[in-house]
Amino acid sequence: MTTLQRQRPSAPASTQPAGLRRASRALRPARTLPGAVVSLALAAGLGATAAEVVSALLGHPLGWVPVNELVELAGDTTWPEAATAALATAGAGALMVLLAIVPGRYKLVPVQTSDPLIVIGITRSGLRRTLRAAAQQVAEVDKARVRLCRGTIEVTVVTRAESSGSMLRQVGTAVGDRLAGVGTLGAGQVVVRLRRKGG
């Protein structure tokens, strides 16, 4: 099985970086589940502590949070003894902040529009399907597979052993034209690999 490779720009040179930045910000996946879990945990813990402190000040402690025991433990514990717990708590807090700041994997690929106030995206699976269909329309292509990687789009076509290397240019042109027609932003380079059957 032989593998060849050809690279070709996938988008026209007029692609605007400002449109890509705007679309990336709008299509950034939300960290809904981690945010909800952290918020509920903090609200429950702080709410229980506040209720316990207020009820203790009124002379009727609820007993939800062992405040007296915690105060005694804090008074009896030295800093070297609490260093491990403090580091673990700081690490958990840093992890929560990272979960909130770092975006998840983008599920939509931004598409260029004429109106700067409109942001549109195409699903990654939909883009793979349309590019695979474009590659399979090239004569003598038996099968095509598309992978969306960071900065590149890898297209692998399977053809008969007698097919020539000009297939790379034809597939690259077909996929690049389809990308230009869809108007995806920041898709990067198209990398075409040709695999020959029986060779």
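This write-up is about the structure you can find in this document.

1. Topic: a nonpolar patch on the surface
Part 1: On the surface, L117, I118 and I120 cluster together into a nonpolar patch covering about 320 Å² of accessible area.
Part 2: Its place among the elements puts I120 in strand β3 (residues 120–123).
Part 3: With a relative accessible area of 40%, I120 lands in the partly exposed category.

2. Points about the nonpolar core
Part 1: V155, V157 and V171 are the most contacted members of the largest nonpolar core, which has 20 residues in total.
Part 2: Take this core: its biggest share by element is 5 residues, from helix α6 (residues 166–182).
Part 3: Among all residues touching V171, those that are not within four sequence positions of it are A135, V138, V141, V155, V157 and V192.

3. Focus on helix α5 (residues 124–136)
Part 1: Between the first and last C-alpha of α5 there are 18 Å, a value that for 13 residues agrees with the 18 Å anticipated at 1.5 Å per step.
Part 2: R124, G126, L127, T130, L131, A134 and A135 are the residues of α5 that are buried.
Part 3: The inward-facing, buried residues of α5 contact β2 (108–111), β3, β4 (141–149), β5 (152–159) and α6.

4. Quick notes on the pattern of salt bridges
Part 1: Taken as a whole, this structure holds 2 salt bridges when the rule is applied.
Part 2: One salt bridge connects R147 with E154, and the closest N-O pair in it is separated by 3.0 Å.
Part 3: On the basis of relative accessibility, which here comes to 41%, the residue R147 falls in the partly exposed class.
Part 4: R193 is the partner of E154 in a salt bridge, and the nearest nitrogen-oxygen pair spans 3.4 Å. Taken together, the residues E154 in strand β5 and R193 in strand β6 (residues 189–196) connect sequence positions 39 residues apart.
Part 5: Here the residues in one salt-bridge network are R147, E154 and R193, joined through shared partners.

What counts as what
- Residues numbered from 1 in each chain as written.
- Predicted model: local features only at pLDDT ≥ 70, side-chain atom pairs only at ≥ 80, totals over all residues.
- Heavy atoms only, no water.
- Patch = residues over 30% accessible without salt bridge, like charges linked within 9 Å, V, L, I, M, F, W, Y side chains within 5 Å.
- Areas by Shrake-Rupley, 256 points an atom, 1.4 Å probe, with all protein chains shown as cover.
- Salt bridge = Lys/Arg side-chain N within 4 Å of Asp/Glu carboxyl O.
- Helix = DSSP H or I, 4+ residues; strand = E, 2+ residues; numbered from the N terminus.
- Buried < 20%, exposed > 50% of the residue type's maximum accessible area, 1.4 Å probe, protein only.
- Core = buried A, V, L, I, M, F, W, Y, C linked by side-chain atoms within 4.5 Å.
- Contact = heavy atoms within 4.5 Å.
- Expected span 1.5 Å × (residues − 1).

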